[in-house]
Amino acid sequence: PQFEPVRPPQVKYYGLQQLGQPISMLISTLSHASQHDDAAAFEAGVKHLPDVRVRLLPREECGVGPLDEALRVLNQASPKLKAQLVGACAACICADRSVSVEEGELLRAVCDMLGCPMPPLLEGQEASPPLFAQSGAVGA
């Protein structure tokens, strides 16, 4: 968008219930980037997404291509839902109380694809999951 005009995405989703598969891909990919327990990171992220049926996908199913496709679908969500997704992503990478370079850069890419501001997380910082305890703690 910095080099050519891009139309803003049309909002197609006002609820997360229909987005279980792309959300599973997003949170699973972030969980696998975690330095420690994939399942614990996944659970920390989905706590912020009530009423959504998601599952931790195997590492082999997660990758740049499937994540890109999931983010294209999620980009059609309302700004409020995008903020909720970014908060869940932040909680996921903060589950182990630290932010690795890989986790930070992956979150930065997710925020860029969704057109949301990056939460105040820095690579190498110690983080506390309660930082994102309230849904909507990260604005879009």
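Residues numbered from 1 in each chain as written. Predicted model: local features only at pLDDT ≥ 70, side-chain atom pairs only at ≥ 80, totals over all residues. Heavy atoms only, no water.

S.K.: Outline unusual backbone geometry, listing residues and values.
M.R.: Look at Asp-51: it is not a glycine, yet its phi comes out positive at around 65°. Tracing the sequence through the fold places Asp-51 in the loop between α2 (38-46) and α3 (64-74). Unusually for a residue other than glycine, Arg-97 sits at a positive phi of about 65°. With respect to the secondary-structure elements, Arg-97 resides in the loop between α4 (79-93) and α5 (101-114). (Helix = DSSP H or I, 4+ residues; strand = E, 2+ residues; numbered from the N terminus.)

S.K.: Mind laying out the environment of Leu-81, listing which residues take part and the relevant values?
M.R.: Within the fold, Leu-81 resides in helix α4. Residues Leu-81 and Tyr-13, 68 residues apart in the sequence, show an inter-C-alpha distance of 8.4 Å.

S.K.: Which residues make up the packing of helix α1 (residues 20-32) against α3, and what values go with them?
M.R.: Close contact between α1 and α3 brings their axes to 9 Å; oriented N to C, the two are set at 130°. Relative to α3, the element α1 is oriented oblique. Crossing of α1 against α3: the hand is left-handed. Of the residues in α3, those touching α1 at Pro-22, Ile-23, Met-25, Leu-26 and Thr-29 are Pro-66, Leu-67, Ala-70, Leu-71, Val-73 and Leu-74. Classifying every residue of the contact of α1 with α3 gives 10 nonpolar, 1 polar and no charged. (Axes fitted to C-alpha atoms, helices over the stretch in contact; angles between N-to-C directions. Parallel < 35°, antiparallel > 145°, perpendicular 65-115°, else oblique. Left-handed = near helix turned anticlockwise from the far one by under 90°. Contact = heavy atoms within 4.5 Å. Nonpolar A, V, L, I, M, F, W, Y, C, P; charged D, E, K, R; others polar.)

S.K.: A description of the packing of α4 against α5 should follow, citing residues and the corresponding values.
M.R.: Look at α4 against α5: their axes get within 11 Å of each other, and the N-to-C directions meet at 175°. Classified by the angle between their axes, α4 and α5 sit roughly antiparallel to one another. In this structure, α4 contributes Lys-82, Val-86, Cys-89, Ala-90 and Ile-93 to the contact, and α5 contributes Glu-103, Leu-107, Val-110, Cys-111 and Leu-114. Looking at the contact of α4 with α5, its residues break down into 8 nonpolar, no polar and 2 charged.

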